[in-house]
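What follows is each chain in one-letter form.
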Amino acid sequence: MPKSTNYIAKEPDASGRIHYTDTENAVWADLYAQQETKIGTYAAPEFLTGQRKLDLPNDRVPQCVEVSERLRDMTGWQVEPVPALIGFKTFFGMLADKTFPAASFIRSREDFDYIEEPDIFHEIYGHTPLLTDIRFANFSQAIGKIGKTCDPTDYSWLIRLYWFTIEFGLIKSKGEIKSLGSGLASSPTELVHAIDGPNVERKPFDVVDILRTPYRIDIHQPIYFVLDDADQLFDAANRDLKADIKYAQTLGLHAPTYEPKAKAS
């Protein structure tokens with residue numbers, strides 16, 4: 001996650017609702033409209049099914065309380081607004097408690113096509129459809145429970161499994177590769193890049209390989225991992241992931257396939 005942000009969290013009122021401006025609602029509406037022209041072509045059936053179940057509004061920013069009401073009935077999860085930046089310990093703890101942390105602000109027009117940190121469009125449009133499926137919800141909770149018992153030095157290793165699946169995972173569907181991850185579903189440009197990009201490396205799903213793969217949050221990913229089916233992901237949650245992390249650490253990280261981030265002058 002980024003170490004700093006130019007955005008300010010929006011605070012909910014006593015009823016748990018956040019008052020978004022007409023300008024902010026318009027950004028949501030335009031992002032929604034743009035993604036809907038692509039999501040049916042590129043997204044996995046599991047994501048599309050969840051999207052239909054939630055039936056999110058297309059003309060305004062949804063409220064976490066209303067999304068939570070629907071999720072609780074389906075999988076027992078809820079969404080809670082948080083500041084843009086939270087630590088791994090807090091993140092894992094919330095997942096373990098079936099609570100998805102949602103950054104409460106929405107991106108500006110200047111960041112319309114790409115924003116480094118997660119915003120409410122990424123959180124709600126991108127993440128919550130998979131949380132309607134008890135299997136994906138249970139996987140997220142499993143990552144949270146493991147994270148709560150990990151040593152802090154292992155956080156950055158464990159989060160790679162979440163990053164390359166729930167955030168930026170791909171999956172095979174009827175012989176085609178489809179997007180699964182929330183970071184793809186909510187990105188106007190990376191959704192197409194991940195599926196059609198000619199210089200993208202799409203690797204078979206492998207837990208230890210994923211744990212060893214570094215990434216940058218501020219670029220389109222050069223590497224994605226492809227699930228043969230969703231059961232591979234659910235089986236991964238039942239592995240001894242802490243042992244996998246220790247083994248991956250003995251092997252070391254793969255050499256990055258991207259350029260290092262330039263240091264600020």
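Please refer to the structure placed before this passage.
Anyway, here's the lowdown on the structure attached to this text. What you are looking at is a predicted structure, and each value in this text was computed from that prediction instead of being measured.

### Quick notes on the side chain of Asp-154
Phase 1: Among the structural elements, Asp-154 can be located in the loop between α6 (134–149) and α7 (155–167).
Phase 2: You can call Asp-154 buried: its relative accessible area is 5%.
Phase 3: Once you skip the residues sitting within four places of it in the chain, Asp-154 turns out to touch Ile-245, Lys-246 and Gln-249.

### Remarks on the packing of aromatic side chains
Phase 1: In this structure the tally under the stated criterion is 16 aromatic pairs.
Phase 2: Ring geometry for Phe-136 and Phe-234: centres 5.1 Å apart, planes at 75°, overall edge-to-face. Residue Phe-136 is located in helix α6, and its partner Phe-234 is located in helix α11 (residues 230–237); the two are separated by 98 residues in the primary sequence.
Phase 3: Using a relative accessible area of 1% as the deciding quantity, one classes Phe-136 as buried.

### Let's talk about the packing of helix α4 (residues 88–96) against α7
Phase 1: Direction vectors running N to C along α4 and α7 enclose 50°, while the axes themselves pass 11 Å from each other. As far as their axial angle goes, α7 and α4 are oblique. You can see that α4 and α7 cross each other, and the crossing is left-handed. Together, Phe-88, Lys-89, Phe-91, Phe-92 and Leu-95 of α4 and Tyr-155, Leu-158, Ile-159 and Tyr-162 of α7 make up the contact between the two elements.

### Thoughts on helix α2 (residues 45–54)
Phase 1: Here α2 has its buried residues at Phe-47, Leu-48, Gly-50, Gln-51 and Leu-54. Mapping the buried residues of α2 onto a view down its axis gives an arc of 160°, with all of them on the same face.
Phase 2: Lining the buried residues of α2 we find α1 (22–42), α3 (64–74), α5 (120–127) and α8 (182–185).
Phase 3: One or two steps after α2, the chain reaches Asp-55, where phi turns positive at roughly 50°.

### A word on the sheet that holds strand β5 (residues 201–204)
Phase 1: A sheet is described by the order of its strands in space; here 4 strands give the open sequence β4-β3-β6-β5, paired in mixed fashion. Edge strands, defined here as strands with exactly one partner in the open sheet, are β4 (176–179) and β5. Each strand axis lies, on average, 40° off the axis of its neighbour in the sheet, ignoring direction.
Phase 2: Both β5 and strand β6 (residues 223–227) contribute to a ladder of 4 bridges, which runs parallel. Directly across from Pro-204, in β6, lies its bridge partner Val-226.

### Details of the packing of α6 against α7
Phase 1: Taken N-terminus to C-terminus, the directions of α6 and α7 make an angle of 170°; their axes are 10 Å apart at the nearest point. Taken together, α6 and α7 sit at an angle that is classed as roughly antiparallel. On α7, the residues that touch Phe-136, Phe-139, Ser-140, Ile-143, Ile-146 and Gly-147 of α6 are Tyr-155, Leu-158, Leu-161, Tyr-162, Thr-165 and Ile-166.
Phase 2: Residue composition of the contact of α6 with α7, grouped by class: 9 nonpolar, 3 polar and no charged.

### Some remarks on the side chain of His-127
Phase 1: Considering the arrangement of structural elements, one finds His-127 in helix α5.
Phase 2: Take His-127: its relative accessible area is 4%, and that puts it in the buried class.
Phase 3: Side-chain polar atoms of His-127 contact the side chain of Ser-182, separated by 2.9 Å.

### Let's talk about the environment of Ala-9
Phase 1: Topologically, Ala-9 is positioned in the segment before α1.
Phase 2: When the C-alpha positions of Ala-9 and Pro-81 are compared, they lie 8.7 Å apart, and in sequence the two are 72 residues distant.
Phase 3: Apart from residues lying up to four places away in sequence, Ala-9 is in contact with Val-82, Pro-83 and Ser-104.

Scoring rules and cut-offs
Residues numbered from 1 in each chain as written. Predicted model: local features only at pLDDT ≥ 70, side-chain atom pairs only at ≥ 80, totals over all residues. Heavy atoms only, no water. Helix = DSSP H or I, 4+ residues; strand = E, 2+ residues; numbered from the N terminus. Buried < 20%, exposed > 50% of the residue type's maximum accessible area, 1.4 Å probe, protein only. Contact = heavy atoms within 4.5 Å. Phe/Tyr/Trp six-rings, centres within 6.5 Å; stacked < 30°, edge-to-face > 60°. Axes fitted to C-alpha atoms, helices over the stretch in contact; angles between N-to-C directions. Parallel < 35°, antiparallel > 145°, perpendicular 65-115°, else oblique. Left-handed = near helix turned anticlockwise from the far one by under 90°. Arc of directions from axis to C-beta. Pairing = 2+ DSSP bridges. Nonpolar A, V, L, I, M, F, W, Y, C, P; charged D, E, K, R; others polar. Polar contact = N/O pair within 3.5 Å; in protein donor to acceptor, adjacent residues only side chain to side chain.

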